[in-house]
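Chains, contacts and geometry: an overview
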Number of protein chains: 2
Amino acid sequence: PRASMSRSRSPSPLLDFPYLPPPHRELMLSLLSTVHSRLASHLLPSSVPSDVLSFHNDASTSFGALDIRSGAHDSPVDFILESWLHCKLPTGALNITTLFGFLNASTEAPHLLMEFIQGSPTSLVLFMDLLPRKDLVLHPEYLAEFYQDTQLEKLRQELNNLPYVQPYCSSSLYIRSVLSPTAVAVNINCGADGESSMEEVMGAQLSSVAKEVLQIWLDKCACSSHQMEESKRNVLIQRDNLIKTKTVEIDLSANLPRMFGPNVAEKIVGTIQKTFRI
Amino acid sequence: PRASMSRSRSPSPLLDFPYLPPPHRELMLSLLSTVHSRLASHLLPSSVPSDVLSFHNDASTSFGALDIRSGAHDSPVDFILESWLHCKLPTGALNITTLFGFLNASTEAPHLLMEFIQGSPTSLVLFMDLLPRKDLVLHPEYLAEFYQDTQLEKLRQELNNLPYVQPYCSSSLYIRSVLSPTAVAVNINCGADGESSMEEVMGAQLSSVAKEVLQIWLDKCACSSHQMEESKRNVLIQRDNLIKTKTVEIDLSANLPRMFGPNVAEKIVGTIQKTFRI
């Protein structure tokens, strides 16, 4: 009931986004529903303007939906960002969904990043990670707490060892630096085995690993009572701001204009930058 | 003449280590000769005791050679560590060679790590990296200077795209954290194509990429005049000490006793810890 109350309080157009291949859509819906129900009391109503909640390019070949929910006072959640993008291309369609859970400086626990980039019905690039907030080389105890003790490596290996799955390297060295050593970064390519194999992988193993990663983040990070000393917050904030700035620069500012034209892209990036306070 | 003088001043038993497969041995000899000739004026004579310079287990099935050359006063080199290990196993022989170039806190330029772990005549795990001295997420300008502008990514891709080459993940999350986003971490497995293919890969592409990476480190890092402010040295030293401590703990302390027995292993690890000042 908490989840449905939260949804009815701020009906999200994202949940109606009709453009995704069904297994991709179902996976995202299920992840978002978990986030919303678990974090309901943490999140303020959306303040994203309606032309950003849902948008398209002039030719109506690209459609997007973006929602950002800021964390309530006293919540360790800074914001939850959800975005769905769909672009018709000469070669088929590109579908990108993103779930980004950013925490504020009251905690040093990792952020959540999940991104599914589906270039065709049979291929998908996937990033899934708890993003470290501290230099892991200098803080082995942080590595132990959030990455070793949580068994994230087992989940990463489970996915990486599946058929059709290959390691994937972001072309951005900065994004690679931002990821943790247990980040899932893979390319799932079912090739000639086609859509039914992709449906199977997404509906079974991928979905199960994604849900476990999300659960770890919700339990250990977003809902933890781990408190940061006031004096240590500055370097955390500085590092978080760099992650936000560079992510927008590398990912959105580079890709949105191509997909939606400069005007729509500017509006979307502007809204994100406002929420990110960068 | 500088190189040969330096060599005759401190004749290294490493160069006579007779146990490696020839292509592996030639590659290491060539890398070491470049290091010695370029850094001759930087390095003090070896102070490693003779029973560490060359050692073996009681059964004489495992042989090792280790040399550490500290940097001279006013050199940015902290030390150069070279080690060669050979273990006869029921399944064949394991050969591990390591070249570690550590800089001191007069510079913040990256350290050098090269490690070749040859589990059989047809398979080799390889780590090759300039190890960052700073948190790359917090210091994008450092990432740009040492990793983007040096084109290390092109070299990484060159190797990763070769036949027989697969990405390799260290089982230690800490080691993964220590590596840069352009680290070469691969498994070369020539399988049924056998020794001649491995010889070809090692003698041609691997050797050429390794020499280029070494050259970048020598030019941009070990011989750079980039000076660190006194005030920033403490965190650098703290981070370097963690890298040294954890590397010894994860790599040597865990593996040497198995290969050489506890007494020999203790002597080797002790010598390394003394040089590392940890």
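Located above this text is the structure these notes cover.
What comes next concerns the included structure. (Residues numbered from 1 in each chain as written. Chains lettered and ligands numbered in written order. Predicted model: local features only at pLDDT ≥ 70, side-chain atom pairs only at ≥ 80, totals over all residues. Heavy atoms only, no water.)

Here we come to the overall build of chain A. The helix and strand tally for chain A stands at eight helices and eight strands. Its C-alpha atoms give chain A a radius of gyration of 18 Å, within 12% of the compact-globule value 19 Å for 278 residues. With the C-alpha coordinates of chain A rotated into their principal frame, the extents come out at 55 × 40 × 40 Å. Relative to its full complement of 278 residues, chain A shows a buried share of 58%. (Helix = DSSP H or I, 4+ residues; strand = E, 2+ residues; numbered from the N terminus. Rg over C-alpha atoms; globule rule 2.2 N^0.38 Å. Buried < 20%, exposed > 50% of the residue type's maximum accessible area, 1.4 Å probe, protein only.)

Another point: the packing of aromatic side chains. All names here are of chain A. A full pass over the atoms with the stated rule returns 24 aromatic pairs over all chains. Ring geometry for phenylalanine 100 and phenylalanine 102: centres 5.2 Å apart, planes at 85°, overall edge-to-face. What makes phenylalanine 100 buried here is its relative accessible area of 6%. Ring geometry for phenylalanine 100 and phenylalanine 276: centres 6.5 Å apart, planes at 70°, overall edge-to-face. Of the two residues, phenylalanine 100 is situated in strand E4 (residues 92–103) and phenylalanine 276 in helix H8 (residues 233–276); the sequence distance between them amounts to 176 residues. Each member of the pair, phenylalanine 100 as well as phenylalanine 276, is classed as buried. Joined through ring pairs, the aromatic side chains of Phe17, Tyr19, Phe63 and Trp84 make up one cluster. (Phe/Tyr/Trp six-rings, centres within 6.5 Å; stacked < 30°, edge-to-face > 60°.)

It is worth spelling out the interface of chain A and chain B at this point. Tallying the contact residues gives 25 residues for chain A and 25 residues for chain B. Buried area between chain A and chain B, summed over both chains or domains, comes out near 2200 Å², and the portion from carbon and sulfur atoms is 69%. Three residues stand out in chain A for area buried against chain B, namely Val137, Leu138 and Leu173 of chain A, and they jointly supply 30% of the buried area on that side. Scanning the region where chain A abuts chain B turns up four salt bridges. The salt bridge involving glutamate 153 of chain B is made with arginine 176 of chain A; its shortest N-O contact spans 2.6 Å. Taken together, the links from chain A to chain B amount to eight residue pairs in polar contact (both at pLDDT 80 or more). (Contact = heavy atoms within 4.5 Å. Buried area = accessible area lost by both parts, 1.4 Å probe. Salt bridge = Lys/Arg side-chain N within 4 Å of Asp/Glu carboxyl O. Polar contact = N/O pair within 3.5 Å; in protein donor to acceptor, adjacent residues only side chain to side chain.)

Counting 90 residues, the largest nonpolar core has Met114, Ile188, Leu206 and Trp217 of chain B as its most contacted members. Not counting chain neighbours up to four residues away, the residues in contact with isoleucine 188 of chain B comprise Thr122, Ser123, Leu124, Leu126, Tyr164, Val165, Met198, Val201 and Leu206 of chain B. Val137 and Ile188 of chain A together with Ala185 and Leu252 of chain B belong to the second largest nonpolar core, which has 88 residues in total. (Core = buried A, V, L, I, M, F, W, Y, C linked by side-chain atoms within 4.5 Å.)

A separate point is the relation of the copies chain A and chain B. Mapping chain A onto chain B is achieved by rotating through 180° and translating by 0.0 Å along the same axis, at an RMSD of 0.0 Å. Taken together, these values place the two copies in the relation of a two-fold axis. Taking the C-alpha atom as reference, chain A places aspartate 135 of chain A closest to the rotation axis, 2.8 Å from it. With an isologous cut-off of 70% or more, the 100% of interface residues of chain A that recur at the interface of chain B puts this contact in the isologous class. (Least-squares fit on C-alpha atoms with pLDDT ≥ 70 in both.)

The subject of this paragraph is the sheet that holds strand E8 (residues 184–189) of chain B. Residues and elements named next belong to chain B. The eight strands lie next to each other as E1-E2-E3-E4-E5-E6-E8-E7, forming an open sheet whose pairing is antiparallel. Looking at strand neighbours, the two that pair on one side only are strand E1 (55–56) and strand E7 (165–167), the edges of this open sheet. Looking at chain direction, strand E6 (residues 123–131) and E8 are connected through six bridges and run antiparallel. Its bridge partner being in E8, valine 125 is matched across the sheet by asparagine 187. Each of strand E3 (77–89), strand E4 (92–103), strand E5 (111–120) and E6 touches helix H2 (residues 22–39); the most contacted strand, E3, lies at about 165° to it. Helix H7 (residues 194–222) contacts E3, E4, E5, E6 and E8 of the sheet and is inclined by roughly 15° relative to E6. (Pairing = 2+ DSSP bridges. Axes fitted to C-alpha atoms, helices over the stretch in contact; angles between N-to-C directions.)

Turning our eyes to something else, we now look at the pairing of strand E2 (residues 62–70) of chain B. Regular strands place their side chains on alternate faces of the sheet. Residue and element names in this part refer to chain B. Within E2, eight of the nine residues are buried, which leaves the element mostly enclosed by the surrounding structure. Note that E1 and E2 share two bridges and pair antiparallel. Residue pairing across strands places histidine 56 opposite phenylalanine 63, the latter belonging to E2. The loop that links E1 with its antiparallel partner E2 comprises five residues; one of these, serine 60, has a positive phi angle of about 55°. Note that E2 and E3 share nine bridges and pair antiparallel. Its bridge partner lying in E3, aspartate 67 is registered against glutamate 82. Hairpin connection, E2 to E3: the antiparallel pair is bridged by six residues, and aspartate 74 has positive phi, about 80°.

For the structure on display, the rule yields 24 salt bridges over all chains. Among the salt bridges present, the one from aspartate 51 of chain B reaches lysine 267 of chain B, with a minimum N-O distance of 3.5 Å. You can see aspartate 51 of chain B sitting in helix H3 (residues 50–53) and its partner lysine 267 of chain B sitting in helix H8 (residues 233–276), a full 216 residues away along the chain. Linking glutamate 249 of chain B and lysine 246 of chain B is a salt bridge whose minimum nitrogen-to-oxygen distance equals 3.7 Å. Of this pair, glutamate 249 of chain B and lysine 246 of chain B both sit in helix H8, three residues apart, which is roughly one turn of the helix. On the accessibility criterion, lysine 246 of chain B (18% relative accessible area) is buried. Sharing partners across several salt bridges, the network here consists of Asp78, Lys244 and Arg277 of chain A.

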